[in-house]
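Okay, here's what each chain looks like letter by letter:
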Amino acid sequence: MNARIVLVLVSCVLSIATGLVLSRGKGGSSAAAKGSGKPVIGLSMDTLKEERWIADRDLFIAQAEALGAQVEVRSANSDDTRQLRDVESLITAGVDALVIIPHNGAAMARAVEMAHAEGIPVLSYDRLITDAETDLYITFDNIKVGELQAKFLADKIPAGGKMRLIRIYGAKTDNNAKLFKQGQDNILQPLIEAGKVEVVFEDWAEDWKPENAKKITNAAITKAGQNIDAILASNDGTAGGAIQALIEEGLTGKVIVTGQDADLAACQRIVAGTQTMTVYKPLTQLAKRAADLAYKLAQRQPLIAKAETDNGKIAVPSVLLDIVAVTKDNIRDTVVKDGFRKEAEVFGK
Ligand code: BGC
């Protein structure tokens, strides 16, 4: 990714930096839009089984409706075939723009092709669609997420000592999971080489499922014993699964556990001391910006993206949002102050 200015125009993407111009879309009204007189945005989601995605959906719809658009939502239950069918049905319903949160970034390249064949622009939301001519991408700085998680651990290594670490990555099908790992590696690799960190076990949690993270933690403890200092869980869902395994082993609160998303359950665990940190990604900003951008795409209005992301096929015009590491010490000044979580919910008062 870089910081070059990219201008996304009505029906074409113009990269000022490269001079690249790609034709995109017929523009105009859709069957659904004709019915209601409003622009219609299709939102195709991987899953609604995690807390964060419910918030993404609700925030997105609220902003799109406030702008005067209508949103059609489909959720694919972590199934690529179903997500392609969802996209097909949104195209048939006549949406003016598509927003896709891919279960599998590679599999959804086909969805972009199908949408473009009908002149519908596509915004890739939070997760990158790879090897496709996606019109726009909005996300957080995902490499920085991994770096914040690993830096937090690096700061906890005792002077002259070593940290025995279990690493739980996310879903292999999610490009973000690879970026989180890349960020973690940036920090951990030199420490591993210096003998300050020993990775005693590592694995990918299929579909980001907490039960898979629990299995990984159980397997890690079976292999490496109870002498574990930290678990680098890539998100709060997997942290929750890992903590279940720690409970069984009587190790809760004794092992450092990272996370990501500032899920309510994770915030409560941080206050209780069973999880040590999370990464707060302001979903409100992401969902609102995405709704603004999708509305403009639906209306074929020009918009500006300041970054680009190489997705294997093109440099996708991108909007990147910042993030913050959260611990017991700053939870009030971050997620609570921002209105993302209520003080009473987090602290149980
Ligand atoms: C998102 C994370 C989320 C994970 C599992 C990732 O792509 O960036 O916020 O926890 O998927 O849903």
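Here the structure is a predicted model, which means the values were calculated and not measured.

1. Observations concerning the overall build of the chain
No. 1: Helix and strand counts for the chain stand at 12 helices and 17 strands.
No. 2: Residues classed as buried in the chain amount to 53% of the 349 residues present.
No. 3: In the chain, once contacts between residues fewer than 6 apart in sequence are set aside, the share between residues at least 24 apart is 72%.
No. 4: Taken as a whole, the chain presents about 14100 Å² of accessible surface, with 50% of it coming from carbon and sulfur.

2. What to know about unusual backbone geometry
No. 1: Despite not being glycine, D131 shows a phi value in the positive range, around 50°.
No. 2: Here D131 lies in the loop between β7 (122-125) and β8 (136-140).
No. 3: For D131, a relative accessible area of 46% translates into the label partly exposed.

3. Some words on the nonpolar core
No. 1: Counting residues in hydrophobic clusters, the biggest one holds 64 residues, and the most contacted among them are F60, L123, Y125 and V335.
No. 2: Here this core gets 10 residues from one element, more than from any other, and that element is helix α10 (residues 283-298).
No. 3: In this view, Y125 contacts R52, W53, D56, F60, V99, I100, I101, P102, I138, L286, A287 and A290; residues no more than four positions away in its chain are not counted.

4. Quick look at the pairing of strand β10 (residues 197-204)
No. 1: The pairing of strand β9 (residues 163-169) with β10 spans seven bridges and is parallel. Note that in β10 the partner of L165 across the bridge is V199.
No. 2: Where the polypeptide runs from β9 across helix α6 (residues 175-193) and back to β10, its parallel neighbour, the crossover connection is right-handed.

5. Some details on the confidence of the model for the chain
No. 1: Looking at the chain as a whole, the pLDDT averages 91, with 90% of positions reaching at least 70.
No. 2: Counting interchain partners and residues more than four positions distant, the pLDDT-below-50 stretch residues 1-6 has 26 contacts.
No. 3: Of the regions scoring below 50 in pLDDT, residues 9-33 engages in 58 contacts with residues more than four places distant in sequence or in other chains.

6. Here we look at the sheet that holds strand β12 (residues 256-257)
No. 1: The strand order β10-β9-β11-β12 describes an open sheet built from four strands, whose pairing is parallel. The sheet is open, and its two edges are formed by β10 and β12, each paired on a single side.
No. 2: The strands that helix α5 (residues 142-154) touches are β9, β11 (230-233) and β12; relative to β11, the one it contacts most, it runs at about 175°.
No. 3: Sheet strands touched by helix α8 (residues 236-249): β9, β11 and β12. Its angle to β11, the strand with the most contacts, is close to 150°.

7. Here we look at the packing of helix α7 (residues 210-224) against α8
No. 1: Across the interface, α7 lies against α8 with an axial gap of 7 Å and an inter-helix angle of 45°. Put simply, α7 runs oblique to α8. Here α7 and α8 pass one another in a crossing that is right-handed. On α8, the residues touching P210, A213, K214, T217, N218 and I221 of α7 are G237, T238, G241, A242, Q244, A245, L246, E248 and E249.
No. 2: Here the contact of α7 with α8 is built from residues that sort into six nonpolar, six polar and three charged.

8. As for the pairing of β9
No. 1: Judged by how many residues are buried, β9 sits mostly within the fold: seven of seven residues are covered.
No. 2: With burial as the criterion, each face of β9 is covered, one bearing M163, L165, R167 and Y169 and the other bearing R164, I166 and I168.
No. 3: In this structure, β9 lies alongside β11, joined through four bridges in parallel fashion. Counterpart to I168 in the pairing with β11 is A233.

9. Concerning the sheet that holds strand β15 (residues 307-310)
No. 1: In space, the seven strands of this open sheet follow the order β5-β4-β6-β7-β8-β16-β15, with mixed pairing throughout. On the outer flanks of this sheet lie β5 (70-75) and β15, each paired with one strand and no other. Mean inter-strand twist for the sheet, computed between neighbouring axes without regard to direction, equals 25°.
No. 2: Packed onto the sheet, helix α2 (residues 51-67) meets β4 (40-45), β5, β6 (97-100) and β7 and runs at close to 175° relative to β4.
No. 3: Contacts from α10 reach β4, β6, β7, β8 and β16 (315-321) within the one sheet, and its direction differs from that of β8 by about 175°.

10. Some remarks on the packing of aromatic side chains
No. 1: Throughout the structure, instances matching the rule amount to four aromatic pairs.
No. 2: Arranged with centres 4.9 Å apart and planes meeting at 50°, the rings of Y169 and W204 form a pair that is tilted. Here Y169, found in strand β9, pairs with W204, found in strand β10; they are 35 residues apart in sequence, far enough to count as distant.
No. 3: Both rings, one in Y280 and one in F340, keep their centres 5.0 Å apart while their planes meet at 45°; by these two values the pair is tilted. Taken together, the residues span a long stretch of sequence, with Y280 in strand β13 (residues 278-280) and F340 in the loop between α11 (332-336) and α12 (343-347) at a distance of 60 residues.
No. 4: You can call Y280 buried: its relative accessible area is 3%.
No. 5: F340 sits in the buried class, given a relative accessible area of 14%.

Thresholds, definitions, all that
- Residues numbered from 1 in each chain as written.
- Predicted model: local features only at pLDDT ≥ 70, side-chain atom pairs only at ≥ 80, totals over all residues.
- Heavy atoms only, no water.
- Helix = DSSP H or I, 4+ residues; strand = E, 2+ residues; numbered from the N terminus.
- Buried < 20%, exposed > 50% of the residue type's maximum accessible area, 1.4 Å probe, protein only.
- Contact = heavy atoms within 4.5 Å.
- Areas by Shrake-Rupley, 256 points an atom, 1.4 Å probe, with all protein chains shown as cover.
- Core = buried A, V, L, I, M, F, W, Y, C linked by side-chain atoms within 4.5 Å.
- Pairing = 2+ DSSP bridges.
- Right-handed = clockwise from strand over helix to strand, strands pointing away.
- pLDDT = per-residue confidence, 0-100.
- Axes fitted to C-alpha atoms, helices over the stretch in contact; angles between N-to-C directions.
- Parallel < 35°, antiparallel > 145°, perpendicular 65-115°, else oblique.
- Left-handed = near helix turned anticlockwise from the far one by under 90°.
- Nonpolar A, V, L, I, M, F, W, Y, C, P; charged D, E, K, R; others polar.
- Phe/Tyr/Trp six-rings, centres within 6.5 Å; stacked < 30°, edge-to-face > 60°.

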